[in-house]
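Close look at the chain arrangement
Each chain, written out:
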There are 2 protein chains.
Amino acid sequence: MLSAIMEDYLKAIYYLQDETDERVRTSTLAEHMGVEQPSVTSMMKKLAERDLVHHEPYKGVELTDTGIPIALEIIRHHRLLERYLTDHLEYDWAEVHDEADRLEHHISNQFADRIAEQLGDPAVDPHGDPIPTAELDISAPKCGETLADHQVGDSVRIERVPDEDADLLRYLSEHGIHPGTEVEIVEVTSFGMVTLDLDGGDEPVALPEKVARSISAQSLSEDTS
Amino acid sequence: MLSAIMEDYLKAIYYLQDETDERVRTSTLAEHMGVEQPSVTSMMKKLAERDLVHHEPYKGVELTDTGIPIALEIIRHHRLLERYLTDHLEYDWAEVHDEADRLEHHISNQFADRIAEQLGDPAVDPHGDPIPTAELDISAPKCGETLADHQVGDSVRIERVPDEDADLLRYLSEHGIHPGTEVEIVEVTSFGMVTLDLDGGDEPVALPEKVARSISAQSLSEDTS
DNA sequence: GAACGAAATTAGACGAGACTAAGTTTATAG
DNA sequence: CTATAAACTTAGTCTCGTCTAATTTCGTTC
């Protein structure tokens with residue numbers, strides 16, 4: 001059996017690995033977990049002993065084939081919980097992350113399967129991230145352009161927004177931006193500000209470029225049905 | 001903040017205190033928690049330091065006025081979860097205890113309040129135990145006779161069954177015994193066997209006297225409406 | 001190719017919560 | 001009133017996951 005903390009490390013490694021496609025560095029993991037580097041090193045040794053990660057000293061870690069499904073299981077729990085909290089328990093978009101982060105380690109697979117069933121086996125969570133199936137298949141590994149990749153004048157549909165920053169989520173929510181929202185990019189400044197026009201018709205919404213780069217968005221070109 | 005383990009101790013003390021109305025002994029608590037006695041003593045010191053229990057060395061512990069509401073909060077979480085798992089997630093009667101025992105420490109009060117709302121603020125859990133309100137009032141402190149307190153020929157309604165023993169619950173469930181079931185006591189043997197006749201009309205159900213004493217049941221006399 | 005700085009690891013300690021072994025206290029029997 | 005058994009506490013150790021301080025390795029720059 002794995003502790004909740006070990007599970008958290010595996011989840012973090014999965015995310016970071018997904019982002020960069022390289023071995024995950026000790027320092028990156030330490031920052032992401034909010035601990036000091038030696039704590040990471042010692043945990044990596046324990047996980048490596050159980051054959052959940054491959055640890056190349058001084059070079060970083062990556063999940064093994066044993067570790068990946070465990071990470072995916074936790075991610076499935078997390079995203080199903082987020083969906084359930086918003087859809088069935090009237091949670092606000094910005095509130096779900098912390099609750100799901102705690103509960104993901106403590107619900108059984110039976111619990112996860114039951115809420116998946118009630119939700120009709122949803123494909124994505126409220127932030128647009130794909131939910132692994134019960135067999136731990138995960139779609140749309142990582143594809144896609146971000147808001148920052150488009151030009152002024154482009155019309156795009158928001159696909160995914162990051163789920164960690166509650167303040168950002170509240171801001172986006174207040175301005176009507178969710179996965180599925182269609183927006184037009186009306187301005188990109190040299191000092192890193194991206195301005196959007198909502199389809200709905202409110203006043204434009206400005207975002208720092210760093211934020212724009214964390215939001216996935218797909219072109220609304222006519223050929224893609 | 002309290003650890004999940006500290007919460008478990010407080011809950012256990014509450015239950016045991018409720019049963020006997022005396023200070024709870026170290027040995028009783030050790031057995032209930034599945035640990036050795038010294039572990040209990042050292043935990044009692046920590047809880048006493050935080051003024052959650054009053055510990056009289058060699059004599060036992062009792063919850064303080066600070067400790068009681070914390071125990072009640074956890075019991076509220078537990079019983080609401082049991083109700084929710086059976087009513088909304090199709091859990092079997094016998095399956096809910098373990099899941100609730102883990103989750104009770106990790107759900108927020110917000111989560112508890114939301115599921116309470118969805119359930120219509122139920123008064124009792126699936127085993128008939130009262131659920132504390134959001135204000136932590138708990139009804140029906142402990143009253144009531146058990147199956148073993150009645151005579152042959154008496155007709156009674158089952159009120160509460162213990163929730164810890166999954167095998168017993170499965171057995172009772174298979175024989176149609178739930179809170180609310182009306183039964184007649186048809187035999188009490190000298191060697192400790194109690195036999196019941198179900199209102200429904202199936203064949204009689206036999207229980208050891210020890211079990212009968214753990215099941216609350218109220219007389220179906222005509223005067224109590 | 002040597003030296004330096006950043007990153008990682010090793011070494012050693014600590015708090016939580018458990019354990020075993022050893023010593024106290026309490027209660028009960030004679 | 002004393003002896004003794006049971007219950008309880010104290011003392012000391014262990015594992016887990018963290019920390020700080022000290023050391024080693026890597027990669028790059030001159």
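Summary of the structure given here. Being a predicted model, the structure only gives us computed values, none of them experimental. (Residues numbered from 1 in each chain as written. Chains lettered and ligands numbered in written order. Predicted model: local features only at pLDDT ≥ 70, side-chain atom pairs only at ≥ 80, totals over all residues. Heavy atoms only, no water.)

**Details of the protein's contact with DNA strand D**
For clarity, the threshold we go by: Neighbouring residues are identified by heavy atoms, a residue being near a molecule or strand if any of them is within 4 Å of it. Counting of polar contacts relies on pairs of N or O atoms within 3.5 Å, with two restrictions inside protein: one atom must be capable of donating a hydrogen and the other of accepting it, and residues adjacent in sequence are counted only when both atoms are side-chain atoms.
Surrounding DNA strand D, one finds 23 residues, the nearest of these being A:Ser3, A:Ser39, B:Thr41, B:Lys45 and B:His55. Backbone sugar and phosphate groups make up 77% of those atoms of DNA strand D lying within 4 Å of the protein. Between DNA strand D and B:Thr26 there is a distance of 2.9 Å, counted from a phosphate oxygen to a side-chain nitrogen or oxygen. Between DNA strand D and B:Ser27 there is a distance of 2.7 Å, counted from a phosphate oxygen to a side-chain nitrogen or oxygen.

**Some words on the packing of helix α1 (residues 4–20) of chain A against helix α3 (residues 37–49) of chain A**
Residue and element names in this part refer to chain A. For clarity, the threshold we go by: Axis lines are fitted to C-alpha atoms, over the contacting stretch for helices. Their N-to-C directions set the angle, which ranges from 0 to 180 degrees. The helix and strand labels rest on DSSP assignments: H or I over at least four residues marks a helix, E over at least two residues marks a strand, and numbering proceeds from the N terminus. These descriptions rest on fixed angle ranges, namely under 35 degrees for roughly parallel, over 145 for roughly antiparallel, 65 to 115 for roughly perpendicular, and the rest for oblique. Should any heavy atoms of two residues lie within 4.5 Å, those residues are considered in contact. Under the scheme applied here, ten amino acids are nonpolar (Ala, Val, Leu, Ile, Met, Phe, Trp, Tyr, Cys and Pro), four are charged (Asp, Glu, Lys and Arg), and all others, including Gly, are polar.
Relative orientation of the contacting elements α1 and α3 amounts to 95°, with a least axis distance of 11 Å. Classified by the angle between their axes, α1 and α3 sit roughly perpendicular to one another. Where α1 abuts α3, its residues Ile5, Met6, Tyr9, Leu10 and Ile13 lie against Ser39, Val40, Met43, Met44, Lys46 and Leu47. Each residue belonging to the contact of α1 with α3 can be placed in one class, and the counts come to 9 nonpolar, 1 polar and 1 charged.

**Considerations on the packing of α1(A) against helix α2 (residues 26–33) of chain A**
All names here are of chain A. To keep it simple, the criterion reads: Handedness of a crossing follows from how the near helix is turned relative to the far one, being left-handed for an anticlockwise turn of less than a right angle and right-handed for a clockwise one.
With their axes 10 Å apart at the nearest point, α1 and α2 run at an angle of 120° to one another. Considered as vectors, α1 and α2 are oriented oblique to each other. Of the two possible hands of crossing, α1 and α2 adopt the one that is right-handed. Contact with α1, carried on its side by Asp8, Tyr9, Ala12, Ile13 and Leu16, involves Thr28, Leu29, His32 and Met33 of α2 and no other residues of that element.

**Topic: the pattern of salt bridges**
For the record, the criterion: Any Lys or Arg side-chain nitrogen located within 4 Å of an Asp or Glu carboxyl oxygen qualifies as a salt bridge. Three labels apply to residues, based on accessible area from a 1.4 Å probe with only protein chains included: buried if under 20% of the type maximum, exposed if over 50%, partly exposed otherwise in between.
Summed over all chains, the structure comprises 22 salt bridges over all chains. Ionic pairing is found between A:Asp87 and A:Arg83, a salt bridge with its closest N-O pair at 3.2 Å. Pair noted here: A:Asp87 and A:Arg83 are both in helix α4 (residues 67–88), with a separation of 4 residues, about one helical turn. The partner of B:Glu99 in a salt bridge is B:Arg102, and the shortest N-O contact between them spans 3.7 Å. Remark: B:Arg102 and B:Glu99 occur in helix α5 (residues 96–103); sequence separation between them is 3 residues, near one turn of the helix. On the basis of relative accessible area, B:Arg102 is assigned to the partly exposed category, the value being 34%. Where salt bridges share partners, they join A:Lys11, A:Asp101 and A:Glu104 into one cluster.

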